[in-house]
Amino acid sequence: MTAFKSLASAMTKGFLRDRMSLFFVFLFPLLFLVVFGLLLGDSGDDRTKVGAVGDGPVLTALEQTGALELERYDSADAARQGVDDGDLPAAVVVEGNRVDLVFAASDQVAAGTVVGIVSGVVDKLNLGAANVTPTFTLEAEPVEDASLKPIQYLTPGILSWAVSFSGVFGAALTLVSWRKKQVLRRIRLAPVGTTTVLTSRILVSVGTALAQGVVFVAVATLPLFGLRLTGQWYLALPLLVLGTTAFFAIGMLVGAFCKTEESASGAANLIIMPMAFLSGTFFPVENAPGWLQAVSKTFPLRHMNDGMLDVLVRGKGVEALLVPSAVLIGFTLVVGFIAAKVFRWED
Amino acid sequence: MTGARIPAVVVSDIRKSYGDLRAVDGVSFTVAEGEFFGILGPNGAGKTTTLEIVEGLRRADAGRVTLLGEDPWPRNTKLLPRIGVQLQASSFFEKLTAREQLQTFGSLYGVSSRRADEMLELVGLTDKAEVRENNLSGGQRQRLSIACALVHDPDVVFLDEPTAALDPQARRNLWDVLRAIQARGKTIVYTTHYLDEAEILCDRVAIMDRGRVLAMDAPATLVRGLDAPTHVVLQKGALTTEAARAISGVEEAHEDEVSLTISTRRPAPVLSALAERGTLDGLQVRTATLEDVFLDLTGREYRA
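Residues numbered from 1 in each chain as written. Chains lettered and ligands numbered in written order. Predicted model: local features only at pLDDT ≥ 70, side-chain atom pairs only at ≥ 80, totals over all residues.

Some points on the overall build of chain B
Counted only if it meets this: Strands are runs of DSSP state E lasting at least 2 residues, helices are runs of H or I lasting at least 4, and numbering of each runs from the N terminus. Three exposure classes are used. Buried residues have 20 or more other C-beta atoms within 10 Å of their own C-beta, exposed residues have 12 or fewer, and partly exposed residues fall in between, all C-beta atoms being placed from the backbone. Contact between two residues is assigned when their C-beta atoms, built from the backbone, lie within 7 Å.
Within chain B, the secondary structure is distributed over ten helices and 13 strands. Seen through its principal axes, chain B has C-alpha atoms that stretch 70 × 45 × 40 Å. Considering chain B as a whole, with its 304 residues, one finds that 43% of them fall into the buried category. Across chain B, every contact between residues at least 6 apart in sequence was considered, and the portion connecting residues at least 24 apart equals 66%.

Considerations on the overall build of chain A
We count it as follows: As defined in this context, the radius of gyration uses C-alpha atoms, and a globule is described by 2.2 Å times the residue total to the power 0.38.
If you tally the helices and strands in chain A, you get 13 helices and four strands. Relative to the compact-globule value of 20 Å for 347 residues, chain A shows a C-alpha radius of gyration of 28 Å, a clear excess of over 25%. Relative to its 347 residues, chain A shows a buried fraction of 39%.

Regarding the UniProt feature "transmembrane region" (unreviewed entry) in chain A
Residues and elements named next belong to chain A. In plain terms, the rule: UniProt positions are given in the numbering used here, feature names are shortened, and annotations may be inferred rather than shown by experiment.
Taking the numbering used here, the UniProt-annotated feature "transmembrane region" (unreviewed entry) corresponds to residues 21-40, 158-178, 202-227, 233-254, 266-285 and 321-343. Helix makes up 100% of residues 21-40 and strand 0%. Its end C-alpha atoms lie 28 Å apart. With 86% helix and 0% strand, residues 233-254 has its two end C-alpha atoms placed 32 Å apart.

Notes on the interface of chain A and chain B
So the rule is basically this: Residues are grouped as follows: Ala, Val, Leu, Ile, Met, Phe, Trp, Tyr, Cys and Pro are nonpolar; Asp, Glu, Lys and Arg are charged; every other residue, Gly included, is polar.
Tallying the contact residues gives 21 residues for chain A and 22 residues for chain B. Sorting the residues of the side of chain A that touches chain B by element identifies α1 (3-16) and α7 (183-188) of chain A as the ones contributing at least two each. Broken down by element, the residue count for the side of chain A that touches chain B peaks at six residues, all from α1(A). In terms of residue class, the side of chain A that touches chain B is built from ten nonpolar, four polar and seven charged.

With respect to the environment of B:Cys148
Residues and elements named next belong to chain B. Mapped onto the elements, Cys148 comes out in helix α4 (residues 138-150). For the pair Cys148 and Ile247, spaced 99 residues apart in the sequence, the C-alpha separation amounts to 57 Å. Non-local contacts of Cys148, meaning those with residues more than four positions away in its chain, are made with Gln101, Leu102 and Phe105.

Looking at the sheet that holds strand β12 (residues 259-264) of chain B
All names here are of chain B. Basically, it comes down to this: Note on pairing: DSSP must find at least two bridges between two strands before they are called paired. Simply put, an axis is a line fit to the C-alpha atoms, just over the touching stretch for a helix, and the angle between two N-to-C directions goes from 0 to 180 degrees.
With antiparallel pairing, the four strands of this open sheet are ordered in space as β11-β12-β10-β13. The open sheet terminates on both sides in strands that have one partner only, identified here as β11 (250-255) and β13 (284-286). The mean angle between the axes of side-by-side strands here comes to 20°, regardless of whether they run parallel or antiparallel. Where strand β10 (residues 230-235) and β12 come together, six bridges link them in antiparallel fashion. Considered in β12, the bridge of Leu234 is made with Leu260. Across the face of the sheet, helix α9 (residues 267-276) comes into contact with β10, β11, β12 and β13 while running at roughly 15° to β10.

Concerning the sheet that holds strand β9 (residues 212-217) of chain B
The strands making up a sheet associate through backbone hydrogen bonding, with each pair oriented either parallel or antiparallel. Residue and element names in this part refer to chain B. In spatial order, the strands read β5-β6-β7-β3-β8-β9; together these six strands make up an open sheet with mixed pairing. Each edge of the sheet is formed by a strand with only one pairing partner; in this case those strands are β5 (83-86) and β9. On average, each strand axis in the sheet is tilted by 15° relative to the strand beside it, whichever way the strands run. Pairing analysis gives four bridges linking strand β3 (residues 36-40) to strand β8 (residues 204-209), with the strands arranged parallel. Across the sheet, the residue bridging to Gly38 is Val205, located in β8.

Details of the packing of α1(A) against helix α2 (residues 98-107) of chain B
Applicable threshold: Orientation labels follow simple angle bins: below 35 degrees gives roughly parallel, above 145 gives roughly antiparallel, 65 to 115 gives roughly perpendicular, and whatever is left gives oblique. Crossings are classed by handedness, with left-handed meaning an anticlockwise turn of the near helix from the far one by less than a right angle and right-handed meaning a clockwise turn.
α2(B) packs onto α1(A) with a crossing angle of 150° between their chain directions and a minimal axis gap of 8 Å. Accordingly, the angle class assigned to the pair α1(A) and α2(B) is roughly antiparallel. For the element pair α1(A) and α2(B), the recorded crossing hand is left-handed. Taking contact as the criterion, the partners of A:Ala3, A:Ser6, A:Leu7, A:Ala10 and A:Lys13 in α1(A) are, on α2(B), B:Glu100, B:Gln103, B:Thr104 and B:Ser107. Among the residues forming the contact of α1(A) with α2(B), the class breakdown is three nonpolar, four polar and two charged.

Section: the nonpolar core
Note the cut-off: Nonpolar cores are built from buried Ala, Val, Leu, Ile, Met, Phe, Trp, Tyr and Cys residues. These are joined into a set through C-beta atoms within 7 Å.
Ranked by size, the top nonpolar core spans 142 residues in total, and within it A:Val168, A:Ala172 and B:Ala147 carry the most contacts. Leaving out residues up to four positions away in the same chain, A:Val168 has contacts with A:Phe247, A:Ile250, A:Gly251, A:Val254, A:Ala268, A:Ile271 and A:Ile272. Of all hydrophobic cores here, the second largest spans 16 residues; its members include A:Leu62, A:Tyr73, A:Leu88 and A:Val92.

With respect to unusual backbone geometry
Residues and elements named next belong to chain B. Pro74 follows Trp73 through a cis peptide bond whose omega is -10°. One can find Pro74 in the loop between β4 (62-67) and β5. For Leu68, which is not a glycine, the phi torsion comes out positive at approximately 50°. Tracing the chain through its elements places Leu68 in the loop between β4 and β5.

With respect to helix α1 (residues 47-55) of chain B
Residue and element names in this part refer to chain B. Across the nine residues of α1, eight count as buried, placing the element largely inside the fold. Along α1, the residues classified as buried are Lys47, Thr49, Thr50, Leu51, Glu52, Ile53, Val54 and Glu55. Where α1 ends, the next residue or the one after it, Gly56, has phi of about 90°, a positive value.

Thoughts on the pairing of strand β1 (residues 48-53) of chain A
Residues and elements named next belong to chain A. Short version of the rule: The path from the first strand over the helix to the second decides the hand: if it runs clockwise while the strands point away from the viewer, the crossover is right-handed.
Pairing between β1 and strand β2 (residues 68-72): five bridges, direction parallel. Bridge pairing links Val50 to Leu70 in β2. Each parallel crossover has a hand, and the one from β1 via helix α3 (residues 57-64) to β2 is right-handed. Inspection of the sheet shows β1 paired to strand β3 (residues 90-95) by three bridges, in the parallel sense. If you follow Gly51 over to β3, its bridge partner there is Ala91.

Describing the confidence of the model for chain A
Condition: Residue-level confidence of the predictor is what pLDDT reports, using numbers from 0 through 100.
Of all residues in chain A, 96% attain a pLDDT of 70 or more, and the chain-wide mean is 88. For chain A, α3(A) is the element with the lowest average pLDDT, namely 84, and helix α9 (residues 236-257) of chain A is the one with the highest, namely 96.

Notes on the environment of A:Leu159
Residues and elements named next belong to chain A. By the secondary structure assignment, Leu159 is in helix α6 (residues 150-180). Measuring from C-alpha to C-alpha, the distance between Leu159 and Val217 comes to 8.3 Å, with 58 residues separating the pair along the chain. Sequence-distant contacts of Leu159, that is, excluding residues within four places in its chain, are made with Gln212, Gly213, Phe216 and Met308.

Here we look at the confidence of the model for chain B
Across chain B, the average pLDDT comes to 88, with 97% of residues at or above 70. Across the whole predicted complex the pTM is 0.79, and at the interface the ipTM reaches 0.81.

Here it is, written out as structure tokens:
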């Protein structure tokens, strides 16, 4: 086996046999995905439930709007009781051509919605019954908007965060522990190029990032969470690779300055956690104040996150990769150059 | 010394300071091919720094090192396959078995993975091939570490305190390994703070203290050169101190609670005189050791 291959295989084995790193690379981010996905994801059925008594074209038309969920009651009194008790925001009672609507005054938004829908339906049916051609016409058309369901932004966000996390930690901890344990010295005393050692380590990190991508997307796509990928998913691959190299470079810089594993993981956390919160990992950063957005634009994670969102759930094409890729390559080169300058073989 | 052949290591007047501390202060020595050379001294004597300069891991402030005819500094990739350096017992890849460690380090030198099993056999770890490094005992890890230094079949082997922190049994096991390596014709340069061990293993030793070489020769020659008295120890009461002092050749005799100690520079006639008196029961003869050489050179008791 060549030095490159055997180093890569040694490090892969070391990684796969270490429960702690497996936990932090896969299970820990997955935990966030599951918890946030379940907490925020309960907005799947956002139809308003109203009580309904009787039958006829009005109720049929109301059901067809798709905005209301009708709960049948036998008598007007029973439906009225539901509203009085606060179980229903409103109840519709149809008796022949008479439509009665009672609504709870406490929830004005729900009441407004229900009143609007019901009166719209009644008006439309009246127009139809009167055989009148409407003077004004309304054309409503659905648009794919920028606001996403939680799982749609959580998955790319948590994936980017997990990649940054394992990239920085992987590089920093490997460097510090190898220096401390003199593995670096053993490598330095062998006729092997530093490029070989470095690239084999990066290859392991890239492999890890791809595995993270597969696992997280697979879990998020489960019906329970309901992620729907749009566009070409494979456009995420270059982002995973470039993100890994950028965060690996940051980890090398951390590892160059830290003497112990403890200080290295402290420093790595100090870099990653604020960056993750400001880059839209757990919530969309679009709602943040302007100055905070400006700050977040300086983070590589923000750009990786934007790119991931665009190609995974916003259905954008290869053009969405341009800016994130350029930023990540820039970070890799600049930070990597500094890390190489301050690199130390020994303490 | 083999004379005609190029010496494996030539060190001339190397110096290295860390701030005000002169860690190595003008050290010179030559190691012949196939020689077992020991650098001895207490902690902080400058042994490790000297070794690291010779290996090419550190640059000397002054002086010159030639290793197998080449300059080891800066990193000389032509030289690296020909030297093997044993590092501290923890310098392994994480979570790999003994065999995998050897295969991985071997691959850095382009060595076939079959070598790993040969090395395990050499250091007596064949039955531990599948055991992960962190589950090995201290002595086993130390032997694995030496096997890693030898995996590419180097000509010169550097060992830095290979027997430190080992129990007596593990130390003796390791001595057998070191002798086996020398029997393969390797040149061994090794540091230790166990003077007794160096006396047993080394062809020649350099005694270092405070960054300087105080003496250098074969251990037996150094001890002989001391002209130190031999101590003959008898059971208490076997002889009175007066009677002991009366024996020809005895310089000193004194008694404590358990034994009578006689000092002499001519042990042969003293021993035969004791034999004539039939007082050989429980007799022990203690000759001078490298520790006495160290005491003589520095005026201090040797403390590892």
